[in-house]
Amino acid sequence: MSDTPGYNSGVSRDPAADLLAIAVELERAGEAAYRVRAFRRAAQTAAATDPADLADRAAQGTLAKLPGLGEVTARCVAESLAGEEPVYLRRLLATAGTPLDEAVEALHRALRGDCHSHSDWSDGSEPISAMADAARALGREYLVLTDHSPRLTVARGLTAERLEQQLAEVERLNAGYGDGFRLLSGIEVDILDDGSLDQTGELLGRLDVVVASVHSKLRAPTEVMTPRMLAAVADPHTDILGHCTGRVLRREGGGSATETRPESTFDAEAVFAACADRGVAVEINSRPDRLDPPKRLLRLAVEAGCLFAIDSDAHYSVQLDWLRFGCERAARCGVPVDRVVNTWPLDRLLAWTNRERG
Ligand SMILES: [Zn+2]
Ligand SMILES: [Zn+2]
(Lines give C-alpha, C1' and ligand atoms only; values in the text may rest on other atoms or scores of the structure.)
(Ligands and ions follow the chains in the order given, each with its own letter.)
Protein backbone atom coordinates (compact mmCIF):
# COMPACT_ATOMS: atom_id res chain seq x y z
CA MET A 1 0.00 0.00 0.00
CA SER A 2 1.29 3.44 -0.81
CA ASP A 3 2.44 6.13 1.54
CA THR A 4 1.68 8.92 -0.85
CA PRO A 5 2.31 12.30 0.72
CA GLY A 6 -0.91 13.56 2.24
CA TYR A 7 -3.25 16.09 0.76
CA ASN A 8 -3.41 18.17 3.89
CA SER A 9 -1.94 16.67 7.04
CA GLY A 10 0.70 14.42 5.55
CA VAL A 11 -0.96 11.22 6.86
CA SER A 12 -3.34 10.47 4.01
CA ARG A 13 -3.08 7.28 2.01
CA ASP A 14 -3.59 7.12 -1.74
CA PRO A 15 -7.32 6.43 -2.26
CA ALA A 16 -6.85 5.29 -5.87
CA ALA A 17 -4.22 2.75 -4.80
CA ASP A 18 -6.46 1.45 -2.01
CA LEU A 19 -9.44 1.08 -4.35
CA LEU A 20 -7.28 -0.72 -6.89
CA ALA A 21 -5.94 -3.03 -4.17
CA ILE A 22 -9.53 -3.91 -3.25
CA ALA A 23 -10.35 -4.68 -6.91
CA VAL A 24 -7.30 -6.96 -7.11
CA GLU A 25 -8.25 -8.80 -3.91
CA LEU A 26 -11.87 -9.21 -5.01
CA GLU A 27 -10.73 -10.62 -8.32
CA ARG A 28 -8.30 -13.00 -6.64
CA ALA A 29 -11.11 -14.20 -4.37
CA GLY A 30 -13.29 -14.95 -7.39
CA GLU A 31 -15.92 -12.35 -6.52
CA ALA A 32 -18.51 -11.15 -9.02
CA ALA A 33 -17.10 -9.24 -12.00
CA TYR A 34 -19.45 -6.28 -11.60
CA ARG A 35 -18.09 -5.68 -8.10
CA VAL A 36 -14.48 -5.77 -9.31
CA ARG A 37 -15.39 -3.31 -12.08
CA ALA A 38 -17.02 -0.94 -9.61
CA PHE A 39 -13.80 -0.64 -7.62
CA ARG A 40 -11.65 -0.25 -10.74
CA ARG A 41 -13.93 2.52 -11.98
CA ALA A 42 -13.81 4.20 -8.58
CA ALA A 43 -10.00 4.00 -8.59
CA GLN A 44 -9.92 5.76 -11.96
CA THR A 45 -12.19 8.49 -10.68
CA ALA A 46 -10.11 8.97 -7.55
CA ALA A 47 -6.90 9.15 -9.59
CA ALA A 48 -8.41 11.66 -12.03
CA THR A 49 -9.84 14.00 -9.40
CA ASP A 50 -7.86 16.89 -7.97
CA PRO A 51 -6.70 15.84 -4.48
CA ALA A 52 -7.92 19.12 -3.00
CA ASP A 53 -11.37 18.51 -4.50
CA LEU A 54 -11.40 14.97 -3.04
CA ALA A 55 -10.50 16.31 0.39
CA ASP A 56 -13.22 19.00 0.19
CA ARG A 57 -15.81 16.44 -0.80
CA ALA A 58 -14.72 14.08 1.97
CA ALA A 59 -15.17 16.92 4.46
CA GLN A 60 -18.62 17.74 3.09
CA GLY A 61 -19.74 14.14 2.63
CA THR A 62 -20.30 14.57 -1.12
CA LEU A 63 -17.76 12.07 -2.47
CA ALA A 64 -20.49 9.68 -3.60
CA LYS A 65 -21.78 12.37 -5.98
CA LEU A 66 -18.68 12.00 -8.14
CA PRO A 67 -19.40 9.90 -11.23
CA GLY A 68 -17.82 6.47 -10.72
CA LEU A 69 -18.11 6.54 -6.95
CA GLY A 70 -20.89 4.95 -4.91
CA GLU A 71 -21.58 4.82 -1.22
CA VAL A 72 -19.19 1.95 -0.47
CA THR A 73 -16.33 3.22 -2.62
CA ALA A 74 -16.82 6.77 -1.28
CA ARG A 75 -16.43 5.46 2.25
CA CYS A 76 -13.16 3.77 1.24
CA VAL A 77 -11.89 7.05 -0.24
CA ALA A 78 -12.82 8.95 2.91
CA GLU A 79 -11.01 6.42 5.08
CA SER A 80 -7.90 6.55 2.87
CA LEU A 81 -7.87 10.33 2.99
CA ALA A 82 -8.10 10.17 6.77
CA GLY A 83 -4.98 8.00 6.75
CA GLU A 84 -6.81 4.78 7.65
CA GLU A 85 -6.66 1.52 5.80
CA PRO A 86 -10.19 1.18 4.40
CA VAL A 87 -12.20 -1.30 6.46
CA TYR A 88 -13.27 -3.07 3.26
CA LEU A 89 -9.62 -3.63 2.29
CA ARG A 90 -8.64 -4.71 5.81
CA ARG A 91 -11.33 -7.41 5.85
CA LEU A 92 -10.29 -8.70 2.44
CA LEU A 93 -6.61 -8.79 3.37
CA ALA A 94 -7.43 -10.69 6.56
CA THR A 95 -8.22 -13.74 4.43
CA ALA A 96 -5.76 -13.12 1.58
CA GLY A 97 -3.12 -15.77 1.07
CA THR A 98 -5.18 -18.56 2.63
CA PRO A 99 -5.29 -21.44 0.17
CA LEU A 100 -9.04 -21.49 -0.23
CA ASP A 101 -9.58 -25.11 -1.27
CA GLU A 102 -7.60 -26.41 1.68
CA ALA A 103 -9.44 -24.18 4.12
CA VAL A 104 -12.82 -25.33 2.76
CA GLU A 105 -11.78 -28.97 3.00
CA ALA A 106 -10.49 -28.61 6.54
CA LEU A 107 -13.68 -26.93 7.67
CA HIS A 108 -15.91 -29.44 5.92
CA ARG A 109 -13.98 -32.33 7.45
CA ALA A 110 -14.26 -30.76 10.89
CA LEU A 111 -18.07 -30.60 10.84
CA ARG A 112 -19.64 -33.18 13.12
CA GLY A 113 -23.28 -32.29 12.82
CA ASP A 114 -25.96 -30.01 11.46
CA CYS A 115 -28.10 -27.68 13.60
CA HIS A 116 -30.97 -26.84 11.21
CA SER A 117 -33.18 -29.36 9.38
CA HIS A 118 -36.87 -29.97 8.69
CA SER A 119 -39.07 -33.04 8.46
CA ASP A 120 -42.55 -33.68 7.07
CA TRP A 121 -43.92 -32.67 10.46
CA SER A 122 -43.63 -29.07 9.15
CA ASP A 123 -42.60 -28.11 5.60
CA GLY A 124 -39.92 -30.73 5.06
CA SER A 125 -40.63 -33.57 2.64
CA GLU A 126 -39.43 -36.68 4.44
CA PRO A 127 -40.08 -38.42 7.75
CA ILE A 128 -37.77 -37.68 10.67
CA SER A 129 -36.26 -41.16 10.45
CA ALA A 130 -35.27 -40.65 6.80
CA MET A 131 -33.53 -37.36 7.64
CA ALA A 132 -31.68 -38.98 10.53
CA ASP A 133 -30.65 -41.99 8.43
CA ALA A 134 -29.28 -39.70 5.74
CA ALA A 135 -27.31 -37.71 8.30
CA ARG A 136 -25.84 -40.93 9.69
CA ALA A 137 -24.92 -42.07 6.17
CA LEU A 138 -23.01 -38.81 5.73
CA GLY A 139 -21.02 -39.63 8.85
CA ARG A 140 -22.60 -36.94 10.99
CA GLU A 141 -22.52 -37.44 14.76
CA TYR A 142 -25.67 -35.45 15.36
CA LEU A 143 -28.57 -33.83 13.56
CA VAL A 144 -30.81 -31.20 15.11
CA LEU A 145 -34.44 -31.44 14.03
CA THR A 146 -35.75 -27.88 13.79
CA ASP A 147 -39.28 -27.86 12.47
CA HIS A 148 -41.20 -24.58 12.37
CA SER A 149 -43.19 -22.92 15.16
CA PRO A 150 -47.01 -22.45 15.30
CA ARG A 151 -47.34 -19.05 13.70
CA LEU A 152 -45.72 -20.12 10.46
CA THR A 153 -48.94 -21.79 9.31
CA VAL A 154 -47.85 -21.90 5.64
CA ALA A 155 -45.08 -24.24 6.77
CA ARG A 156 -47.39 -26.26 9.05
CA GLY A 157 -45.63 -24.95 12.14
CA LEU A 158 -45.92 -27.24 15.16
CA THR A 159 -48.29 -26.34 17.97
CA ALA A 160 -47.06 -26.94 21.50
CA GLU A 161 -49.02 -30.18 21.49
CA ARG A 162 -47.46 -31.48 18.27
CA LEU A 163 -44.00 -30.46 19.45
CA GLU A 164 -44.59 -32.54 22.60
CA GLN A 165 -45.46 -35.48 20.34
CA GLN A 166 -42.36 -34.85 18.27
CA LEU A 167 -40.17 -34.91 21.37
CA ALA A 168 -41.51 -38.36 22.18
CA GLU A 169 -40.81 -39.48 18.61
CA VAL A 170 -37.24 -38.16 18.78
CA GLU A 171 -36.70 -40.07 22.01
CA ARG A 172 -38.14 -43.23 20.48
CA LEU A 173 -35.87 -42.97 17.41
CA ASN A 174 -32.77 -42.27 19.51
CA ALA A 175 -33.28 -45.54 21.36
CA GLY A 176 -32.57 -47.30 18.06
CA TYR A 177 -29.31 -45.50 17.22
CA GLY A 178 -25.97 -46.67 18.49
CA ASP A 179 -23.37 -44.55 20.28
CA GLY A 180 -22.14 -42.87 17.13
CA PHE A 181 -25.21 -40.79 16.39
CA ARG A 182 -27.80 -38.72 18.18
CA LEU A 183 -30.89 -36.98 16.89
CA LEU A 184 -31.23 -33.73 18.83
CA SER A 185 -34.51 -32.03 19.55
CA GLY A 186 -34.91 -28.46 18.39
CA ILE A 187 -37.02 -25.86 16.69
CA GLU A 188 -36.75 -23.09 14.14
CA VAL A 189 -38.79 -20.65 16.14
CA ASP A 190 -40.27 -17.55 14.58
CA ILE A 191 -39.09 -14.20 15.87
CA LEU A 192 -42.39 -12.37 16.38
CA ASP A 193 -42.93 -8.68 15.64
CA ASP A 194 -41.87 -7.63 19.13
CA GLY A 195 -38.81 -9.91 19.13
CA SER A 196 -40.35 -12.55 21.38
CA LEU A 197 -40.21 -16.21 20.34
CA ASP A 198 -43.18 -18.14 18.96
CA GLN A 199 -43.27 -21.02 21.48
CA THR A 200 -43.67 -21.33 25.24
CA GLY A 201 -40.53 -20.78 27.31
CA GLU A 202 -41.21 -24.04 29.08
CA LEU A 203 -41.03 -26.04 25.83
CA LEU A 204 -38.09 -24.07 24.44
CA GLY A 205 -36.23 -24.84 27.66
CA ARG A 206 -36.63 -28.57 27.06
CA LEU A 207 -35.17 -28.55 23.53
CA ASP A 208 -31.53 -29.29 22.82
CA VAL A 209 -31.06 -26.46 20.30
CA VAL A 210 -33.14 -23.37 19.47
CA VAL A 211 -32.70 -21.62 16.11
CA ALA A 212 -34.55 -18.28 16.01
CA SER A 213 -35.38 -16.77 12.61
CA VAL A 214 -37.33 -13.88 11.15
CA HIS A 215 -39.89 -15.01 8.54
CA SER A 216 -42.34 -12.12 8.47
CA LYS A 217 -42.32 -8.36 7.83
CA LEU A 218 -38.86 -8.66 6.33
CA ARG A 219 -39.19 -5.24 4.72
CA ALA A 220 -39.56 -3.42 8.03
CA PRO A 221 -37.25 -0.42 8.42
CA THR A 222 -33.99 -0.70 10.38
CA GLU A 223 -35.54 1.11 13.38
CA VAL A 224 -38.06 -1.72 13.66
CA MET A 225 -35.93 -4.69 12.64
CA THR A 226 -32.91 -3.96 14.84
CA PRO A 227 -34.72 -3.93 18.23
CA ARG A 228 -36.75 -6.94 17.10
CA MET A 229 -33.60 -8.95 16.39
CA LEU A 230 -31.82 -7.68 19.51
CA ALA A 231 -34.74 -8.85 21.65
CA ALA A 232 -34.60 -12.32 20.07
CA VAL A 233 -30.84 -12.56 20.60
CA ALA A 234 -31.33 -11.53 24.23
CA ASP A 235 -33.93 -14.26 24.80
CA PRO A 236 -32.27 -16.82 27.10
CA HIS A 237 -33.51 -19.69 24.90
CA THR A 238 -31.92 -18.51 21.65
CA ASP A 239 -28.86 -20.49 20.60
CA ILE A 240 -28.57 -19.67 16.90
CA LEU A 241 -29.74 -16.69 14.86
CA GLY A 242 -31.08 -18.26 11.62
CA HIS A 243 -30.54 -16.79 8.10
CA CYS A 244 -30.20 -13.26 9.48
CA THR A 245 -31.02 -11.15 6.39
CA GLY A 246 -33.83 -13.37 5.04
CA ARG A 247 -32.65 -12.80 1.48
CA VAL A 248 -33.60 -15.24 -1.28
CA LEU A 249 -31.41 -15.75 -4.33
CA ARG A 250 -32.14 -17.08 -7.77
CA ARG A 251 -29.39 -18.93 -9.57
CA GLU A 252 -28.58 -17.78 -13.06
CA GLY A 253 -27.26 -20.07 -15.78
CA GLY A 254 -23.64 -19.11 -15.33
CA GLY A 255 -23.71 -19.83 -11.62
CA SER A 256 -24.04 -16.22 -10.58
CA ALA A 257 -26.94 -15.28 -8.38
CA THR A 258 -29.34 -12.39 -8.16
CA GLU A 259 -31.45 -11.51 -5.18
CA THR A 260 -35.15 -12.16 -5.65
CA ARG A 261 -35.92 -11.12 -2.11
CA PRO A 262 -33.56 -8.44 -0.91
CA GLU A 263 -31.79 -8.50 2.45
CA SER A 264 -33.76 -7.07 5.31
CA THR A 265 -32.03 -4.06 6.81
CA PHE A 266 -30.86 -3.88 10.41
CA ASP A 267 -27.91 -2.56 12.37
CA ALA A 268 -25.67 -5.56 11.77
CA GLU A 269 -22.89 -4.23 14.00
CA ALA A 270 -25.27 -3.99 16.96
CA VAL A 271 -26.89 -7.37 16.32
CA PHE A 272 -23.55 -9.20 15.89
CA ALA A 273 -22.11 -7.48 18.96
CA ALA A 274 -25.13 -8.76 20.92
CA CYS A 275 -24.66 -12.28 19.50
CA ALA A 276 -20.97 -12.25 20.50
CA ASP A 277 -21.87 -10.95 23.95
CA ARG A 278 -24.60 -13.55 24.56
CA GLY A 279 -22.76 -16.47 23.00
CA VAL A 280 -25.45 -16.79 20.32
CA ALA A 281 -24.17 -18.32 17.09
CA VAL A 282 -24.75 -16.57 13.77
CA GLU A 283 -26.00 -19.11 11.26
CA ILE A 284 -24.22 -19.53 7.96
CA ASN A 285 -27.16 -20.87 5.97
CA SER A 286 -25.84 -23.15 3.22
CA ARG A 287 -28.95 -23.30 1.03
CA PRO A 288 -27.97 -22.21 -2.51
CA ASP A 289 -31.09 -20.02 -2.61
CA ARG A 290 -30.16 -18.27 0.64
CA LEU A 291 -26.38 -18.22 1.32
CA ASP A 292 -27.08 -15.97 4.24
CA PRO A 293 -25.45 -13.82 5.60
CA PRO A 294 -23.88 -12.15 2.57
CA LYS A 295 -20.09 -12.14 2.74
CA ARG A 296 -19.64 -8.53 3.80
CA LEU A 297 -21.85 -9.21 6.83
CA LEU A 298 -20.14 -12.53 7.49
CA ARG A 299 -16.80 -10.74 7.64
CA LEU A 300 -18.32 -8.23 10.02
CA ALA A 301 -19.54 -11.06 12.29
CA VAL A 302 -16.04 -12.61 12.25
CA GLU A 303 -14.58 -9.30 13.40
CA ALA A 304 -17.27 -8.98 16.06
CA GLY A 305 -16.06 -12.26 17.59
CA CYS A 306 -19.26 -14.24 16.96
CA LEU A 307 -19.74 -17.98 17.09
CA PHE A 308 -21.17 -19.60 13.95
CA ALA A 309 -23.27 -22.60 12.96
CA ILE A 310 -22.89 -23.85 9.38
CA ASP A 311 -26.33 -25.28 8.69
CA SER A 312 -28.01 -27.03 5.76
CA ASP A 313 -31.61 -25.96 6.52
CA ALA A 314 -32.43 -29.20 4.65
CA HIS A 315 -36.04 -29.88 3.66
CA TYR A 316 -35.07 -33.09 1.79
CA SER A 317 -32.49 -35.61 2.99
CA VAL A 318 -30.21 -35.04 -0.04
CA GLN A 319 -29.97 -31.38 0.99
CA LEU A 320 -28.12 -32.36 4.17
CA ASP A 321 -25.06 -32.50 1.93
CA TRP A 322 -25.25 -28.75 1.25
CA LEU A 323 -22.95 -27.86 4.15
CA ARG A 324 -20.04 -27.55 1.73
CA PHE A 325 -21.55 -24.35 0.30
CA GLY A 326 -21.57 -22.83 3.76
CA CYS A 327 -17.99 -23.99 4.36
CA GLU A 328 -16.88 -22.27 1.18
CA ARG A 329 -18.29 -18.94 2.33
CA ALA A 330 -16.99 -19.39 5.85
CA ALA A 331 -13.48 -20.12 4.57
CA ARG A 332 -13.56 -17.12 2.23
CA CYS A 333 -14.50 -14.86 5.09
CA GLY A 334 -11.92 -16.23 7.53
CA VAL A 335 -14.27 -17.97 9.99
CA PRO A 336 -12.02 -19.82 12.47
CA VAL A 337 -12.86 -23.54 12.69
CA ASP A 338 -13.13 -23.54 16.47
CA ARG A 339 -15.79 -20.81 16.40
CA VAL A 340 -18.11 -23.08 14.39
CA VAL A 341 -20.30 -24.79 17.00
CA ASN A 342 -21.10 -27.79 14.82
CA THR A 343 -17.43 -28.74 14.68
CA TRP A 344 -17.72 -29.33 18.43
CA PRO A 345 -18.29 -32.77 19.91
CA LEU A 346 -21.81 -33.45 21.11
CA ASP A 347 -21.11 -32.88 24.81
CA ARG A 348 -19.51 -29.50 24.14
CA LEU A 349 -22.41 -28.48 21.92
CA LEU A 350 -24.94 -29.41 24.60
CA ALA A 351 -22.92 -27.68 27.32
CA TRP A 352 -23.09 -24.54 25.17
CA THR A 353 -26.84 -24.66 24.56
CA ASN A 354 -27.44 -25.28 28.28
CA ARG A 355 -25.11 -22.45 29.25
CA GLU A 356 -25.82 -19.90 31.94
CA ARG A 357 -26.96 -16.67 30.34
CA GLY A 358 -26.78 -13.59 32.50
ZN1 LIG B 1 -36.24 -20.28 8.05
ZN1 LIG C 1 -35.44 -23.69 8.14
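Peer 1: Can you lay out the pattern of salt bridges for me, pointing to particular residues and giving the numbers?
Peer 2: On inspection of all chains with the given rule, the structure shows 20 salt bridges. The partner of Asp193 in a salt bridge is Arg228, and the shortest N-O contact between them spans 3.9 Å. Of this pair, Asp193 sits in the loop between strand S3 (182-190) and helix H9 (201-206) while Arg228 sits in helix H10 (residues 222-234), placing them 35 residues apart in sequence. When its relative accessible area of 3% is taken as the criterion, Arg228 is described as buried. A salt bridge links Arg296 to Glu263; the nearest nitrogen and oxygen atoms lie 2.9 Å apart. Placement of the pair is Arg296 in helix H12 (residues 295-304) and Glu263 in the loop between strand S7 (257-261) and helix H11 (268-278), with a sequence separation of 33 residues. Several salt bridges converge on common partners, so that one network encompasses Arg90, Arg91 and Glu303.

Peer 1: Give a description of the sheet that holds strand S4 (residues 209-213) that names residues and reports values.
Peer 2: If you walk across this open sheet you meet the seven strands as S1-S2-S3-S4-S5-S8-S9, and the pairing is parallel. Of all strands in the sheet, those with a lone pairing partner are strand S1 (113-114) and strand S9 (307-311), marking the two edges. Examined bridge by bridge, strand S8 (residues 281-285) and S9 share five bridges and lie parallel to one another. Across the sheet, the residue bridging to Val282 is Phe308, located in S9. Packed on one face of the sheet, helix H13 (residues 323-332) meets S1, S8 and S9 and runs near 145° to S9.

Peer 1: Mind laying out the nonpolar core, listing which residues take part and the relevant values?
Peer 2: Counting 62 residues, the largest nonpolar core has Leu183, Leu241, Phe272, Phe308 and Ile310 as the members making the most contacts within it. Formed by 21 residues, the second largest nonpolar core is a distinct cluster that contains Val36, Leu66, Ala74 and Leu89.

Peer 1: Which residues make up the coordination of the zinc ion (ligand 1), and what values do they have?
Peer 2: Six octahedral donors around a metal ideally sit at 90 or 180 degrees from one another, while four tetrahedral donors ideally sit at 109.5 degrees. Taken together, Glu188 (OE), His215 (NE2) and His243 (NE2) make up the full set of protein donors to the zinc ion (ligand 1), lying 2.1 to 2.2 Å away. Between the donor residues of the zinc ion (ligand 1), the gaps in sequence give the motif E-x26-H-x27-H. Taking relative accessible area as the criterion, Glu188 reaches 1% and is therefore assigned buried. Looking at His215, the relative accessible area reads 21%, which means it is partly exposed.

Peer 1: Lay out the coordination of the zinc ion (ligand 2) with the relevant residues and their values.
Peer 2: Only His116 (NE2), His118 (NE2), Glu188 (OE) and Asp313 (OD) from the protein reach the zinc ion (ligand 2) as donors, at distances of 2.1 to 2.2 Å. Here the zinc ion (ligand 2) binds four donor atoms, and the angle range of 81 to 167° at the metal identifies the geometry as irregular. Read in sequence order, the donor residues coordinating the zinc ion (ligand 2) give the pattern H-x1-H-x69-E-x124-D. In this structure, the zinc ion (ligand 2) is positioned 3.5 Å from the zinc ion (ligand 1), and both are ligated by Glu188. Here Glu188 is found in strand S3, whereas its partner Asp313 is found in the loop between S9 and H13, with 125 residues between them in sequence. Here Glu188 and Asp313 have matching classes, each one buried.

Peer 1: I'd love a proper account of the side chain of Ser122, names of residues and values included.
Peer 2: Inspection of the secondary structure assignment puts Ser122 in the loop between S1 and helix H7 (128-137). Only 3.4 Å separates the side chain of Ser122 from the backbone nitrogen of His148, close enough to count as a polar contact. Aside from chain neighbours lying at most four places away, what touches Ser122 is Asp147, His148, Ala155, Arg156 and Leu158.

Peer 1: Quick rundown of the pairing of S8? Include the residues and the values.
Peer 2: With five of five residues buried, S8 is to be regarded as a mostly interior element. Here S8 shows a buried face lined by Ala281, Glu283 and Asn285 and a second buried face lined by Val282 and Ile284. Judged from the two bridges that link them, strand S5 (residues 240-241) and S8 form a sheet pairing that is parallel. Paired with Ile240 across the bridge in S8 is Ala281. Where the polypeptide runs from S8 across H12 and back to S9, its parallel neighbour, the crossover connection is right-handed.

Peer 1: Talk me through H7; I want residue IDs and the actual numbers.
Peer 2: Looking at H7, one finds that the buried residues are Ile128, Met131, Ala132, Ala134 and Ala135. Down the axis of H7, the smallest arc covering the buried residues is 160°, so these residues share one side. The inward-facing, buried residues of H7 contact strand S2 (142-145), helix H8 (160-174) and S3. In the stretch just after H7, Gly139 is the one whose phi turns positive, near 85°.

Peer 1: Before we move on, can you summarise the pairing of S4 with the specific residues and values?
Peer 2: The element S4 is extensively covered by neighbouring structure, given that five of its five residues are classed as buried. Of the two faces of S4, the one lined by Val209, Val211 and Ser213 and the one lined by Val210 and Ala212 are each fully buried. Note that S3 and S4 share five bridges and pair parallel. By the bridge assignment, Gly186 is partnered in S4 with Val209. Considered for its hand, the β-α-β crossover made up of S3, H9 and S4 is right-handed. As paired strands, S4 and S5 are joined by two bridges and run parallel to one another. Paired with Val211 across the strands is Ile240, a residue of S5. Handedness of the crossover joining S4 and S5 through H10: right-handed.

Here is what the cut-offs are and how they apply
- Residues numbered from 1 in each chain as written.
- Chains lettered and ligands numbered in written order.
- Predicted model: local features only at pLDDT ≥ 70, side-chain atom pairs only at ≥ 80, totals over all residues.
- Heavy atoms only, no water.
- Salt bridge = Lys/Arg side-chain N within 4 Å of Asp/Glu carboxyl O.
- Helix = DSSP H or I, 4+ residues; strand = E, 2+ residues; numbered from the N terminus.
- Buried < 20%, exposed > 50% of the residue type's maximum accessible area, 1.4 Å probe, protein only.
- Pairing = 2+ DSSP bridges.
- Contact = heavy atoms within 4.5 Å.
- Axes fitted to C-alpha atoms, helices over the stretch in contact; angles between N-to-C directions.
- Core = buried A, V, L, I, M, F, W, Y, C linked by side-chain atoms within 4.5 Å.
- Donors = N, O, S within 2.8 Å, 3.2 Å for Na, K, Ca; no water.
- Tetrahedral: all angles 85-135°; square planar, octahedral: opposite > 155°, others 65-115°.
- Polar contact = N/O pair within 3.5 Å; in protein donor to acceptor, adjacent residues only side chain to side chain.
- Right-handed = clockwise from strand over helix to strand, strands pointing away.
- Arc of directions from axis to C-beta.

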